[in-house]
Amino acid sequence: MAWLLRLRASLGRAREAFSAVGRLGRAGRPLTPEFWDELEETLILADFGVPTTQKIVSGLQTVAKQEDWKTTDQVVARFRKDVERFLTLPAAGLRLDPKPAVMMIVGVNGSGKTTTIGKLALRLRNEGRRVMMVAGDTFRAAAAEQLAVWAERSGSELIRGAEGADPASVVFDGVRAAKARGIDVVLVDTAGRLQTKTNLMEELKKMRRVIERELGVPPAETLLVVDGTTGQNAISQAKLFNQATELTGIVLTKLDSTAKGGVLVAIVDELEVPIKFVGLGEMPDDLRRFLPAEFIDALFEDATPLASTDGSVKKEQQIPQERYS
Ligand SMILES: Nc1nc2c(ncn2[C@@H]2O[C@H](COP(=O)(O)OP(=O)(O)O)[C@@H](O)[C@H]2O)c(=O)[nH]1
Ligand SMILES: [Mg+2]
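All figures in this text were calculated on a predicted structure; none of them were measured in a lab.

Moving on: the environment of Asp286. Following the sequence through the fold, Asp286 ends up in the loop between β7 (275-279) and β8 (287-289). Asp286 gets classed as partly exposed once you count the C-beta atoms within 10 Å, which come to 16. Each C-alpha atom of the pair Asp286 and Leu31 lies 41 Å from the other, and the pair is 255 residues apart in sequence. Ignoring any residue separated from it by four or fewer positions in sequence, one finds Asp286 in contact with Gly279, Leu280 and Gly281.

Written out as structure tokens, the structure reads:
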């Protein structure tokens, strides 16, 4: 119970959207065209974005017609199920094989890449894994410094190059060293300057090629870190990165801040890439596995829990321990 309450408390603004939809249905008003307009408006204001909003609303309208629904509460109950369906994609755990599992962490400046690497490293270290960080953001000396602090704090190894070095060469050194030293997981920090979009994307592709050449397989994960407070902008950025790097997962940060909940649904719907973790604050413990049922319970006010109240999750969402974190 305590964990669910804490999750609710940290979700901040993200919960407002879902409770607004809940309120639309609470009175069980008759289903009028005005209700559908209100629902659409509520979803757009909550950052569901136009394409996802239209998909959800027209889906609900179809079922309402087929099943001859009379009142708004029926729509809202179904909306909750739809959101869960949208959010649930297979294999949402972190892939940890083959060894070393190399993970590229990408995203624009300030989205939370370096912080996420630090938090992930702490988790993996707590599970007894050997972790190496690679400072692939060679653009600013401060970036490698920040990473060095997290490496120290988490007991991870760190590979860094000279300021301005070719990031692909630093990655090359990192992968070689990781193989030689029996490292389990390599977390590659990358630059995020968007002013030079094409160069950044080319640089990321080159890093990916180096990893693939050295390991014989693509990176185990390419995680896009997205600042949830940037709303629809977050989604267009995500598409850009997805074209360049074949993302395997999303880390949505700053959900404790002014992020609106709809962005969770829109990003999964538009990219078809699962959210693997969410950031709920700046403390190490604030990076959380994203488990849809648990989040839906926390997002919908006064809802009956889908997940059990001790924070454990339904069986089909559990992920085998040996392969995933
Ligand atoms: N409130 C909040 N702040 C975060 C979260 N994740 C990262 N931050 C903050 O966002 C800022 C930018 O993070 P940083 O990791 O340096 O971003 P990078 O440029 O992508 O590497 C820092 O002040 C972090 O503490 C989060 O989940 N919640
Ligand atoms: Mg950084």
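Next up on the list: the nonpolar core. One finds Met103, Met133, Val186, Leu187, Val188, Ile250 and Ile267 to be the most contacted residues of the largest nonpolar core, which totals 92 residues. Apart from residues lying up to four places away in sequence, Leu187 is in contact with Met103, Ile105, Ile117, Leu120, Ala121, Val131 and Met133.

Relative to the assigned elements, Asp166 resides in the loop between β3 (157-160) and α8 (167-181). A count of 16 C-beta atoms within 10 Å places Asp166 in the partly exposed class. On a C-alpha basis, the gap between Asp166 and Gly136 in space is 8.4 Å, while along the polypeptide they are 30 residues apart.

Turning next to the site of ligand 1. In the region of ligand 1, 19 residues are neighbours, and Gly112, Lys113, Thr114, Thr115 and Gly279 sit closest. With three residues, the single largest contributor to the shell around ligand 1 is helix α6 (residues 113-126). Looking at side-chain class alone, the shell around ligand 1 contains two nonpolar, 12 polar and five charged residues.

What follows covers helix α7 (residues 141-154). With 14 residues, α7 extends 20 Å from end C-alpha to end C-alpha; this agrees with the ideal 20 Å at 1.5 Å per step. Looking only at α7, the buried set comprises Ala143, Ala144, Leu147, Trp150, Ala151 and Ser154. For α7, the arc enclosing every buried residue in end-on projection is 120 degrees, short of the 170-degree limit, so these residues lie on one face. Exposed positions of α7 whose direction lies more than 90 degrees from the buried face are Ala142, Glu145, Val149 and Glu152. The secondary structure elements touched by the buried residues of α7 are α6, β2 (131-136), β3 and β4 (185-190).

We now examine the sheet that holds strand β1 (residues 101-106). Ordered by their spatial adjacency, eight strands build an open sheet running β3-β2-β4-β1-β5-β6-β7-β8, and the pairing between neighbours is mixed. A single partner strand is all that each edge strand has here, and the edge strands are β3 and β8. Strand-to-strand, the axes of this sheet are offset by a mean angle of 25 degrees, without reference to chain direction. For β7 and β8, the ladder comprises three bridges, and the chain directions are antiparallel. Paired with Val278 across the strands is Arg288, a residue of β8.

Moving on, we come to the confidence of the model for the protein. In the predicted model, the protein carries a mean pLDDT of 87, and 90% of its residues have values of at least 70. For the protein, per-element mean pLDDT is lowest for helix α1 (residues 2-10), which scores 76, and highest for β1, which scores 98. Contacts for the low-pLDDT stretch residues 303-325, under 50 throughout, to residues beyond four places or in other chains number 38 contacts.

About the cut-offs
- Residues numbered from 1 in each chain as written.
- Chains lettered and ligands numbered in written order.
- Predicted model: local features only at pLDDT ≥ 70, side-chain atom pairs only at ≥ 80, totals over all residues.
- Helix = DSSP H or I, 4+ residues; strand = E, 2+ residues; numbered from the N terminus.
- Buried ≥ 20, exposed ≤ 12 C-beta atoms within 10 Å, placed from the backbone.
- Contact = placed C-beta atoms within 7 Å.
- Core = buried A, V, L, I, M, F, W, Y, C linked by C-beta atoms within 7 Å.
- Near = placed C-beta within 6 Å.
- Nonpolar A, V, L, I, M, F, W, Y, C, P; charged D, E, K, R; others polar.
- Expected span 1.5 Å × (residues − 1).
- Arc of directions from axis to C-beta.
- Pairing = 2+ DSSP bridges.
- Axes fitted to C-alpha atoms, helices over the stretch in contact; angles between N-to-C directions.
- pLDDT = per-residue confidence, 0-100.

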